[in-house]
Amino acid sequence: GAAWPKMRRAMESAGLLTVSQSYKAGGVRPKCKTYTLTASLAGPTKAVSQTWRPLRQVAKTRLAVTIAALSVAEAYVWQCVQRLTLAPGWQDDASLSDDARGGLSRIDAKEWFCVKDRNGRLHHNLSNLSKSARPYLRLDGQILVGNDFSALHPNLILSMTPAGEEREKLAEWLAGDFYSRLAGTACPKARKTAKREFNAAVNDTLAHEHRYPIFAAFASEFPQATATVRQLKTEDHRRAACVLQRLESELIFAEVVAACEKRGIPVLSLHDAIFSAPGDAETVRAEMVSAARRRLGIAIGAKAA
C-alpha cells in the first residue's frame with residue numbers, strides 16, 4: 001500500500017531488509033525487485049519506527065487545518081453544508097450514477113469535507129455532487145434553489161477593461177445574451193458551444209488561440225478586452241484563469257455570502273452560484289446583483305442555476 005515505501009526504507013536502514021539489483025522483466029520497461037529479510041524472525045526483534053498514518057486520520061487533520069483558516073463568510077457556508085439532509089427515495093433512483101449515489105451516501109452518513117483551493121474556491125459536499133443528485137438535497141428541510149451570475153468571467157474581463165467606447169459596447173453585449181450574440185445565432189446548442197469554447201480559449205495558451213474561432217470573433221469586436229486577457233497569460237497562461245477565479249471568489253464570499261450571513265440567510269456556494277431555500281432565493285439574487293456593483297462597479301445579472 002501507500003505505507004510500503006516508507007516501511008521499506010526504514011527496514012533497509014535498520015538492516016532488516018535487503019533489496020536485490022533491479023532488472024527488466026522480459027525486456028519491457030517495468031522494473032522488478034526482490035526483497036530478502038536478513039533478520040531472524042525467530043530470534044530477538046528490533047523495533048522499527050514508522051511515521052505513516054491511516055488515511056482517515058490524515059483527512060481529519062487536513063480538514064481541521066482548512067476549517068481553522070476559513071474566513072467568517074467561508075465558515076458560514078461550511079456550517080450550512082453540515083445542515084444538509086436528504087429527501088427519501090434516492091436509494092431507489094436507478095437514474096442516479098454511481099458518483100451521484102456515492103455523494104449522497106456521504107451526505108447521508110454526515111461524512112463532510114471541505115477544501116479551499118489556491119484561487120479561493122471552496123470545495124465541499126455540494127460543489128462535488130452531481131447535478132442529477134441535487135433534487136434530493138434539503139437545507140433545514142427545504143429544497144435548494146440556485147442563482148448564478150450571468151456570463152461571470154466575461155463580465156470580470158469587462159471590469160478590467162479600460163473605460164471608453166469598447167467597454168460600453170462590451171457592457172451592452174453582456175446585458176443581453178452574450179454567448180448567442182458572439183456565436184451569431186440564437187440556437188441553444190450553438191450558445192452552449194460558444195460558452196465552452198470561449199472559456200477554453202481564456203484558459204489555454206496564447207499559441208493555441210487559433211483553435212477557438214469564437215475567441216477570434218471576440219478579439220475582432222473587443223481588441224482592448226482581448227489584450228487584457230493576453231497580457232495576463234504572457235508569462236503563464238494559467239494566470240488568466242487564476243485571476244478570474246480569485247475575483248469570482250472575492251465577489252462570492254466577501255460580498256454575497258457576507259451579506260447573506262448578516263441577514264441570517266442560510267446559503268451554500270458553488271463557485272459562481274449561490275444556493276438557498278426557495279423563500280430566500282429572490283433576496284439572494286438581489287444581493288448578488290448589488291454585490292457586483294459594489295465590488296466591481298458593473299451590472300451583472302443573476303439567474304436561476
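Our subject in this report is the structure included herewith. On a predicted model such as this, the values are computed, not experimentally measured, just so you know. All residue numbers refer to positions counted from 1 along the written sequence of the respective chain. Thresholds applied to this predicted model are a pLDDT of at least 70 for local features of residues and 80 or more for the giving and counting of side-chain atom pairs; totals over whole chains, interfaces and linings are not thresholded and use all residues. Computation of side-chain values covers all heavy atoms of the structure but excludes hydrogens and water.

Regarding the packing of aromatic side chains
Alright, step 1. Between 30 and 60 degrees the pair is tilted, below 30 it is stacked and above 60 it is edge-to-face, where a pair is any two Phe, Tyr or Trp rings, Trp via its six-membered ring, whose centres lie within 6.5 Å. The tally for this structure, following the rule as stated, stands at 9 aromatic pairs.
Alright, step 2. A ring pair is formed by Phe198 and Phe215, whose centres lie 5.8 Å apart and whose planes are at 45 degrees; its orientation type is tilted. Residue Phe198 is found in helix α8 (residues 188-203), and its partner Phe215 is found in helix α9 (residues 213-221); the two are separated by 17 residues along the sequence.
Alright, step 3. In this scheme, a residue with accessible area under 20% of its type's maximum is buried, one over 50% is exposed, and one in between is partly exposed, where area comes from a 1.4 Å probe on protein chains only. In this structure Phe198 comes out as buried when scored by relative accessible area, which is 0%. Each helix is a run of H or I in the DSSP string that is no shorter than four residues. Each strand is a run of E no shorter than two, and both are numbered from the N terminus.

Side note on the packing of helix α3 (residues 72-81) against helix α11 (residues 238-263)
Alright, step 1. Here the axes come from fitting lines to C-alpha atoms, over the contacting stretch only for helices, and the angles between their N-to-C directions go from 0 to 180 degrees. With their axes 9 Å apart at the nearest point, α3 and α11 run at an angle of 60 degrees to one another. It follows from the interaxial angle that α3 and α11 lie oblique. For the pair α3 and α11, the crossing hand works out as left-handed. Across from Ala73, Glu74, Tyr76 and Val77 in α3, the residues of α11 making contact are Phe253, Val257, Ala258, Cys260 and Glu261.
Alright, step 2. Split by residue class, the contact of α3 with α11 holds 7 nonpolar, no polar and 2 charged. Put simply, angles under 35 degrees are roughly parallel, angles over 145 are roughly antiparallel, angles from 65 to 115 are roughly perpendicular, and the rest are oblique. What makes a crossing left-handed is the near helix being turned counterclockwise from the far one by less than a right angle; a clockwise turn instead makes it right-handed. Residues count as neighbours in contact if any of their non-hydrogen atoms are within 4.5 Å of one another. Gly is placed with the polar residues, together with every amino acid not listed as nonpolar (Ala, Val, Leu, Ile, Met, Phe, Trp, Tyr, Cys and Pro) or charged (Asp, Glu, Lys and Arg).

Description of the sheet that holds strand β9 (residues 142-143)
Alright, step 1. Pairing in this open sheet of 3 strands is antiparallel, and the strands run β5-β8-β9 from one edge to the other. Across the chains shown, the open sheet's two edge strands, defined by having one partner strand only, are β5 (84-86) and β9.
Alright, step 2. Its contacts with the sheet put helix α4 (residues 98-108) on β5 and β8 (137-139), and the angle it makes with β5 is roughly 115 degrees. Pairs of strands are assigned from DSSP output, requiring at least two bridges between the strands.

Points about the side chain of Asp93
Alright, step 1. Topologically, Asp93 is positioned in the loop between β5 and α4.
Alright, step 2. Under the convention used here, Asp and Glu are negative, Lys and Arg are positive, and both His and the chain ends fall outside the count. Only one rule defines a salt bridge in this text: a Lys or Arg side-chain nitrogen within 4 Å of an Asp or Glu carboxyl oxygen. For the buried Asp93, no salt bridge is present, and the opposite-charge side chain at shortest range is Arg101, 5.8 Å distant.
Alright, step 3. When neighbours within four sequence positions are excluded, Asp93 is seen to be in contact with Arg101 and Tyr136.

Concerning the pattern of salt bridges
Alright, step 1. Within this structure, the stated rule accounts for 14 salt bridges.
Alright, step 2. The salt bridge involving Glu209 is made with Arg230; its shortest N-O contact spans 2.4 Å. Remark: Arg230 occurs in helix α10 (residues 223-232) and Glu209 occurs in the loop between α8 and α9; sequence separation between them is 21 residues.
Alright, step 3. On the accessibility criterion, Glu209 (16% relative accessible area) is buried.
Alright, step 4. The exposure class of Arg230 is partly exposed, given its relative accessible area of 33%.

Details of helix α5 (residues 152-160)
Alright, step 1. The buried fraction of α5 is high, at 7 of 9 residues.
Alright, step 2. When we look at burial in α5, the residues that qualify are Leu152, His153, Pro154, Asn155, Leu156, Ile157 and Leu158.

Re the packing of α5 against α11
Alright, step 1. The contact between α5 and α11 brings their axes to 10 Å, and the two run at 95 degrees. Between α5 and α11, the angle falls in the class roughly perpendicular. Contact residues: α5 offers Leu152, His153, Leu156, Ile157 and Met160, while α11 offers Val243, Leu244, Gln245, Leu247, Glu248 and Leu251.
Alright, step 2. Split by residue class, the contact of α5 with α11 holds 8 nonpolar, 2 polar and 1 charged.

A look at the pairing of strand β10 (residues 145-149)
Alright, step 1. Buried residues dominate β10, accounting for 4 of its 5 residues.
Alright, step 2. Pairing between β10 and strand β12 (residues 273-276): 4 bridges, direction antiparallel. Of the residues in β12, the one forming a bridge with Val145 is Ser276.
Alright, step 3. Two strands pair when backbone bridges link them, and β10 and strand β13 (residues 302-304) are joined in this way by 3 bridges, in the antiparallel orientation. Directly across from Phe149, in β13, lies its bridge partner Ala302.

What to know about unusual backbone geometry
Alright, step 1. Look at Lys110: it is not a glycine, yet its phi comes out positive at around 60 degrees.
Alright, step 2. Located in the positive-phi region is His271, a residue other than glycine, with phi close to 60 degrees.
Alright, step 3. Note that His271 resides in the loop between β11 (268-270) and β12.

Things to note about the environment of Ser97
Alright, step 1. Along the polypeptide, Ser97 turns up in the loop between β5 and α4.
Alright, step 2. With 33 residues separating them along the chain, Ser97 and Ser130 place their C-alpha atoms 8.4 Å apart.

Examining a nonpolar patch on the surface
Alright, step 1. Note on patches: the residues involved have over 30% relative accessible area and no salt bridge, like charges join within 9 Å, and the nonpolar side chains Val, Leu, Ile, Met, Phe, Trp and Tyr join within 5 Å. The Shrake-Rupley method, run with a 1.4 Å probe, gives the accessible areas here. Residue values count only the displayed protein chains as cover. Taken together, the side chains of Trp4, Met7 and Tyr35 define a hydrophobic patch exposed on the protein surface, amounting to about 270 Å² of accessible area.
Alright, step 2. Note that Met7 resides in helix α1 (residues 4-13).
Alright, step 3. Since its relative accessible area comes to 36%, Met7 is described here as partly exposed.

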